[in-house]
There are 4 protein chains.
Amino acid sequence: MAKIENIAGRSRVHDNPELEDFYARLDAVGTGALWNVANEIEPWYPQPKSVPMHWRYASMRPLVVESAALVQGEDAGRRVVYLVNDGRREIAAAVGLLYTGIQIMNPGESMTAHRHAASALRFVIEGTGAWTIVDGDRLEVGPNDFAITPSGTWHEHGNEADDNFVIWQDGLDIPLVNALDANFYEVHPDLYQQPGKVNNTSILTHGSGILKPANRNWGKPYSPLLGFPWEQTRDALMQLSLVSDGTDHDGVIMEYVSPHTGGSVMPTMGAHMQLLKPGFESKAHRHTGSVVYHVAEGCGHSVIDGKRYDWQEHDIFVVPSWSWHEHVNDDETNPAFLFSFNDFPMINSLSLFVEAEYDTNGGHQELA
Amino acid sequence: MAKIENIAGRSRVHDNPELEDFYARLDAVGTGALWNVANEIEPWYPQPKSVPMHWRYASMRPLVVESAALVQGEDAGRRVVYLVNDGRREIAAAVGLLYTGIQIMNPGESMTAHRHAASALRFVIEGTGAWTIVDGDRLEVGPNDFAITPSGTWHEHGNEADDNFVIWQDGLDIPLVNALDANFYEVHPDLYQQPGKVNNTSILTHGSGILKPANRNWGKPYSPLLGFPWEQTRDALMQLSLVSDGTDHDGVIMEYVSPHTGGSVMPTMGAHMQLLKPGFESKAHRHTGSVVYHVAEGCGHSVIDGKRYDWQEHDIFVVPSWSWHEHVNDDETNPAFLFSFNDFPMINSLSLFVEAEYDTNGGHQELA
Amino acid sequence: MAKIENIAGRSRVHDNPELEDFYARLDAVGTGALWNVANEIEPWYPQPKSVPMHWRYASMRPLVVESAALVQGEDAGRRVVYLVNDGRREIAAAVGLLYTGIQIMNPGESMTAHRHAASALRFVIEGTGAWTIVDGDRLEVGPNDFAITPSGTWHEHGNEADDNFVIWQDGLDIPLVNALDANFYEVHPDLYQQPGKVNNTSILTHGSGILKPANRNWGKPYSPLLGFPWEQTRDALMQLSLVSDGTDHDGVIMEYVSPHTGGSVMPTMGAHMQLLKPGFESKAHRHTGSVVYHVAEGCGHSVIDGKRYDWQEHDIFVVPSWSWHEHVNDDETNPAFLFSFNDFPMINSLSLFVEAEYDTNGGHQELA
Amino acid sequence: MAKIENIAGRSRVHDNPELEDFYARLDAVGTGALWNVANEIEPWYPQPKSVPMHWRYASMRPLVVESAALVQGEDAGRRVVYLVNDGRREIAAAVGLLYTGIQIMNPGESMTAHRHAASALRFVIEGTGAWTIVDGDRLEVGPNDFAITPSGTWHEHGNEADDNFVIWQDGLDIPLVNALDANFYEVHPDLYQQPGKVNNTSILTHGSGILKPANRNWGKPYSPLLGFPWEQTRDALMQLSLVSDGTDHDGVIMEYVSPHTGGSVMPTMGAHMQLLKPGFESKAHRHTGSVVYHVAEGCGHSVIDGKRYDWQEHDIFVVPSWSWHEHVNDDETNPAFLFSFNDFPMINSLSLFVEAEYDTNGGHQELA
């Protein structure tokens, strides 16, 4: 039944028997009356199915560790516990059209190589010894390192440690690429790649950021730098914090970028690290685009659509499109660091970015 | 229940009571086991919910005309019969994340002004006297003219004829913008815009294509040219056909472009006109991206995923992502013209375009 | 001897015997004292060697026609009378680093093919029957048509008329490309190109401007459209003049653009056509960049650095960088059309564009 | 007198009395016969006026030091000994349209602020305590640091050391900007800028290269990062050398880039650092574009147009456009580092880059 809004410029056609007969005849030729759905499909502002959610690492970690014994990595493809938004169960999304999960690898374990049109990223949570081979480049990653496996790149990974798990967070745009009817998947013909002689080639080649190899063309739409070490990232934020308070809404915030273009690391997903100075309280804003946050360091809380979420290290929470949100570092001594990934590169390339500031109550939401 | 594929690199974990208990505990903290959904959400190739469809103008026109008497334009918002893909009823899409509909305006009728984040385009089917005001520019459009009302532009339209209907096709990216949680809608505060003194300003200013006003910046992400007249379009195709046979898959095909950039008219949707020379039979191919076709002139048939669709003027048909398709002009004397619009600009900006040629049977599908 | 300016921040070192001895020792190792040249090489504002000049077609035409009998085209390479700026004789420039000349071809005459790193353009003055083959595309051009032969393209031309001369204006960036030490020259190995079957292919393919061939990549840095017919150009200006008065300084002015990018036709040189409405008097401004004007239609005058130049059809005049200039259409009934070409694309790509308005005396220079 | 070349497609018109009379009449109306200059102005390949040159630091340093006592910095504007190419004395260029000089500052000395349309760069040779304020950002620079002062930025500099000189190399595009008639100069209205509170703001903000401040627009055509420290630069080269031998012609070579775009630091000039591995001998090539080299570390030799130049630390040498050149690190144990700056960004933006390999004698020039 049509949602009627009695406003000029909106649909307000009331059913009657004659119209119902008409609608049946429309339906018979594969059509319908726009006015019966117009107010639904043209909302006044975004109506995400996703809701704000917060996953405590303390709750998830035991289950993730349990999974390491319950299933073989080779049987699972990848051994991952994924985070499901209550409003997006049917597409396995954490928020909007973004997927995220927690992957665990046993000591000495490795996964076979595959590739897909979906893009992926990793943010390492705990454990040493992790590696990932992306199009032949074997990358070594440790806690709070960020790495990408862009659309179409062969990738596999493993844990070469003798005695510790590796746990990391995966982020993918699978729901987006599926919504666009554009996903492909291939298993590597040899099951495993042959890595190059030197590890971390992309970092050795492109990691300085301020010099780039001359005479080298890079025709691909993603960053040639595949790994972003935590130490370099944390330093960048600390240095920026010496000269900037950042923005009212996010504090000191930087985007991981492709040193080839200065733009986002991949065309569909971007990633940020932000530093909340001790005691910093941001003001609320909202915008189009969906965000998955991961607490890289510190503790604090966020208020999302009027509800408070207290977070600790490695907790994950999400902000749906057009949800009000503000962040607070509850530690008066130490900075907090929030890693996040998002669909902003896509939103921006389609010119769909809209932002609004919360301009009452000093910029702070009232708790519901 | 998980879809198991007994292939290395795919998920193949069989349920058992211990795992079922585990899954329940995962669910309790808002998570799930990826291996239960992995093969579903990471398909080998795109799995569109949309199916190929063909809507005959002969079937739709009487209903569209009937609607002109049944509902008031002002009550309907716009008086439109929309085309529903059998696989996408829940989002009112014609194919993929594209919407299309047939709009009719009575003589003397006009619609109020609004704007939305979704982008729109029009392809006029029949009737003289149509006009649309886009951000203050009053455009006059006639049969087979193409016009755009990009994201965020105020627009309204009407029919100034005394004694004929105007019928046109609307195309919008509403399902896409909704899927991205980024739609907004506003009714014009005055209900109607005040048009500029001279009609067709954008055509008078930008319509030559090969010269552009100097010293004029255009900071917007869409074409400053809002209307593309049929005569100029048909001539362009006829001229190109003198020196080119075009492509095996599409014949002589041109894209409507922004004279400001030479790129697509809008960031989310593009549009083409293609000329099939008399008797031309294309070879089949498939690609990511969804397409809505409108037969602008002539008659012929297309084969889509092994099924033949015979089309006549003003019929509409759709090709879902990754569906095989080929087109034939069944007239041995006259060219056929197919207008189409698509989501290629988005697919390309996200680097998700993939194409494959049908390389058996001389490039022609066998009919199912 | 150093130019001394007794101002803080400028060089003001006076010679003395000790310094002169020092300068001699500097010179002996291939060096010098910056302070002796600093005020010269770092002027307060541009100091072009070029001066404003005006060449009357009435004066040049008889000599050009005389040349047609005096020298064989094949001996001359091209039979061209070039226009020399009084301040730039050593580099054969008309203004700044731009070259221009008047070329004449006898009935039935043709020139051999060559190519060079310098870019060229033509503006046809009189005569039918002219053609130019650019990279295999045989273009037919008539009075007031504009055509380009970009850097690196093979080109040759001729006059297929039985009984009339063709006279056109050439414009090249030879002095620029020489100043950058980047010019190359090659004679075509076969002396003549083999043209394609259909004339004017680039116009038939790209001439609509508002549609472009789909699935066709154009990897070159210049316009794929090589010819810009006068009729289409004049119409574009007339149409724009219906909705715009243009700018205070130039009236209704349009740039010839590449339909592939909407940008300038070549990376080093751009071209404009401007319409001065009947009786229009522009206000004076000045800017970096050099301009060669050709009176395409009408009569009027320009004031350049305080001196008045009265021009008639096919007169040529130049405005050096940073020279004040304003234009007047002295005809109260008919529009005047000024064709011009310039080095603005280069100036802009190097971010060296600066502009100033003449803001006294109602925007009009006082005559010297 | 015309240069005649008796080749089809070249000018080969011999003088005679009738023509001489004609030439006089052409001259009288400000014109000339192209065929008399054509072969000169359209050479077969570039004919730079610049010649290869080598300036030994050992020869220049005593004179530079002497200048520190001979003239006051405030009288000289800047106290600089500039390097003059034997072929370009009239424009004070070191090679092509590039200027370079050696600047010395006494302990405690500072220079007033100015700005100009020309772009500048610095490469520090010796001494601690140097600073430069660029648009309010006070940058501290030491030996082998690279810094830029782009077109239009206010800049001043000084030496805060108590007891040592600072000597650095300046590089500017003054001859280019003058050739383009686009230079402007301004003394700062207050003679000195007011620096920000924190030194090295641009490095603290943009120096990581792999993360960039989010939500910050940078509308300028040059790098927001103004200083490139030697330590970070040397590390980048050493790291790249672990995974790459670089190119045959340059060894391991990197370009200093804008972290905002991944492109050159300024629109007119670029800069490279290259590492020649111990004993590395490059193969010869030539290309358009002019280069000024500075030996940052090590010793070796280069062969330029068949002549050998043995260089040591802080020597400077130049390679004109289209000159053959190859480099050798004569140290079998330690790498050599060559800093260089060039006009490649301009050459590339104008699509004038051409390169050729020396393909005989194993890629090595025979010494003249």
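Described in the following lines is the structure provided in the data block. As the structure is a computational prediction, the values presented were derived from the model and not from experiment.

With that settled, consider the overall build of chain A. Secondary structure assignment for chain A yields eight helices and 24 strands. Its C-alpha atoms give chain A principal-axis dimensions of roughly 75 × 55 × 50 Å. Within the span of chain A, comprising 368 residues, buried residues form 65% of the whole. Looking at chain A alone, contacts between residues at least 24 apart form 75% of all its contacts between residues at least 6 apart. Per element, the accessible surface of chain A, about 12,900 Å² overall, is 48% carbon and sulfur. Side-chain charges in chain A split into 24 positive and 49 negative, and the spacing between the mean points of these groups amounts to 3 Å.

Let us look at the relation of the copies chain D and chain A. Turning chain D through 180° and shifting it by 0.0 Å along the axis lays it on chain A, with an RMSD of 0.0 Å. Overall, the copies show the geometry of a two-fold rotation axis. Closest approach to the rotation axis within chain D is made by the C-alpha atom of Gly 209 of chain D, at a distance of 1.9 Å. Comparing interface residues between copies, 95% of those in chain D also lie at the interface in chain A; the contact surface is shared.

This brings us to the interface of chain A and chain B. Between chain A and chain B, the contact holds 85 residues from the first and 85 residues from the second. Together chain A and chain B conceal approximately 7,300 Å² of surface at their shared face, both sides included; 66% is due to carbon and sulfur atoms. On the chain A side of the contact with chain B, Asp 181, Phe 184 and Tyr 185 of chain A bury the most area, a combined 10% of that side's loss. On inspection of chain A and its partner chain B, the count reaches four salt bridges. One can count 26 residue pairs in polar contact (both at pLDDT 80 or more) joining chain A with chain B. Of the residues in the side of chain A that touches chain B, the class split is 49 nonpolar, 21 polar and 15 charged. Judged from the three bridges that link them, strand E1 (residues 31-33) of chain A and strand E3 (residues 80-83) of chain B form a sheet pairing that is antiparallel. Bridge pairing in E3 of chain B links Gly 32 of chain A to Tyr 82 of chain B.

Okay, the sheet that holds strand E14 (residues 227-228) of chain D next. Across the sheet, which stays open at both edges, the seven strands sit in the order E1(C)-E3(D)-E4(D)-E11(D)-E6(D)-E9(D)-E14(D) with antiparallel pairing between neighbours. One side of each edge strand has no neighbouring strand; the edge strands of this open sheet are strand E1 (31-33) of chain C together with E14 of chain D. Strand contacts of helix H3 (residues 57-70) of chain D: E1 of chain C together with strand E3 (80-83), strand E4 (99-105), strand E6 (120-126) and strand E11 (166-172) of chain D, with the helix running at about 50° to E4 of chain D, the strand carrying the most contacts.

On to the pattern of salt bridges. A full pass over the atoms with the stated rule returns 64 salt bridges over all chains. For the salt bridge of Arg 308 of chain B with Asp 310 of chain B, the shortest nitrogen-to-oxygen distance reads 2.9 Å. Between Arg 25 of chain C and Glu 66 of chain D there is a salt bridge, with the nearest N and O atoms lying 2.5 Å from each other. On the criterion of chain membership, the pair formed by Arg 25 of chain C in helix H1 (residues 17-28) and Glu 66 of chain D in helix H3 is interchain, its members lying in two chains.

Turning our eyes to something else, we now look at the pairing of strand E22 (residues 325-329) of chain C. The two faces of the sheet receive side chains in turn, since in a regular strand these alternate between them. Residue and element names in this part refer to chain C. Of all the five residues making up E22, five are buried; the element is thus mostly covered by neighbouring parts of the structure. With burial as the criterion, each face of E22 is covered, one bearing His 325, His 327 and Asn 329 and the other bearing Glu 326 and Val 328. Across five bridges, strand E19 (residues 300-304) lies against E22 in antiparallel orientation. Bridge assignment links Gly 300 to a residue of E22, and that residue is Asn 329.

On the chain A side, the residues contacting the 42 residues of chain D number 40 residues. Overall, the association of chain D and chain A removes approximately 3,000 Å² of surface from exposure, summing both partners, and the carbon and sulfur fraction of that is 65%. Considering only the surface of chain D that becomes buried against chain A, Leu 204, Ile 210 and Leu 211 of chain D emerge as the three largest contributors, covering 24% of it. Linking chain D with chain A are zero salt bridges. For the pair chain D and chain A, the number of links is 10 residue pairs in polar contact (both at pLDDT 80 or more). When residues of the side of chain D that touches chain A are traced back to their parent elements, those giving at least two are helix H6 (201-206), strand E13 (211-213), helix H7 (230-243), strand E15 (252-256) and strand E16 (270-276) of chain D.

Positive phi outside glycine occurs at Asn 200 of chain B, with the angle close to 60°. You can see Asn 200 of chain B is positioned in the loop between strand E12 (185-187) and helix H6 (201-206). Positioned with a positive phi, Ser 351 of chain C is a non-glycine residue whose angle comes to about 55°. Secondary-structure assignment places Ser 351 of chain C in the loop between helix H8 (344-349) and strand E24 (355-357).

To continue, consider the sheet that holds E13 of chain D. Strand order across the open sheet formed by seven strands is E2(A)-E21(A)-E18(A)-E23(A)-E16(A)-E15(A)-E13(D), with antiparallel pairing between neighbours. The open sheet is flanked by strand E2 (53-55) of chain A together with E13 of chain D, the only strands paired with a single partner. Neighbour to neighbour, the strand axes of the sheet diverge by 25° on average, direction disregarded. Strand direction decides the pairing type here: strand E15 (residues 252-256) of chain A and E13 of chain D, joined by three bridges, are antiparallel. For Met 254 of chain A, the partnering residue across the bridge sits in E13 of chain D and is Pro 213 of chain D.

Two residues of an α-helix separated by three or four positions point the same way, owing to the 3.6 residues in each turn. Across its 12 residues, helix H1 (residues 17-28) of chain B extends 17 Å between first and last C-alpha, which sits within 8% of the 16 Å expected from 1.5 Å per residue. Every buried residue of H1 of chain B is listed here: Leu 19, Phe 22, Tyr 23 and Leu 26 of chain B. Looking straight down H1 of chain B, one finds its buried side chains confined to an arc of 100°; they lie on one side. Residues of H1 of chain B that are exposed and point more than 90 degrees away from the buried face comprise Pro 17 and Ala 28 of chain B. Looking at the buried side of H1 of chain B, the elements it contacts are helix H3 (57-70) and strand E3 (80-83) of chain A together with strand E1 (31-33) of chain B. For H1 of chain B, the capping residue at the N-terminal end is Asn 16 of chain B, with a side-chain oxygen 3.0 Å from the backbone nitrogen of Glu 18 of chain B. Following H1 of chain B by one or two positions, Gly 30 of chain B has its phi on the positive side, about 75°.

Parameters and conventions
Residues numbered from 1 in each chain as written. Chains lettered and ligands numbered in written order. Predicted model: local features only at pLDDT ≥ 70, side-chain atom pairs only at ≥ 80, totals over all residues. Heavy atoms only, no water. Helix = DSSP H or I, 4+ residues; strand = E, 2+ residues; numbered from the N terminus. Buried < 20%, exposed > 50% of the residue type's maximum accessible area, 1.4 Å probe, protein only. Contact = heavy atoms within 4.5 Å. Areas by Shrake-Rupley, 256 points an atom, 1.4 Å probe, with all protein chains shown as cover. Lys, Arg positive; Asp, Glu negative; His and termini not counted. Charge placed at Lys NZ, Arg CZ, Asp CG, Glu CD. Least-squares fit on C-alpha atoms with pLDDT ≥ 70 in both. Buried area = accessible area lost by both parts, 1.4 Å probe. Salt bridge = Lys/Arg side-chain N within 4 Å of Asp/Glu carboxyl O. Polar contact = N/O pair within 3.5 Å; in protein donor to acceptor, adjacent residues only side chain to side chain. Nonpolar A, V, L, I, M, F, W, Y, C, P; charged D, E, K, R; others polar. Pairing = 2+ DSSP bridges. Axes fitted to C-alpha atoms, helices over the stretch in contact; angles between N-to-C directions. Expected span 1.5 Å × (residues − 1). Arc of directions from axis to C-beta.

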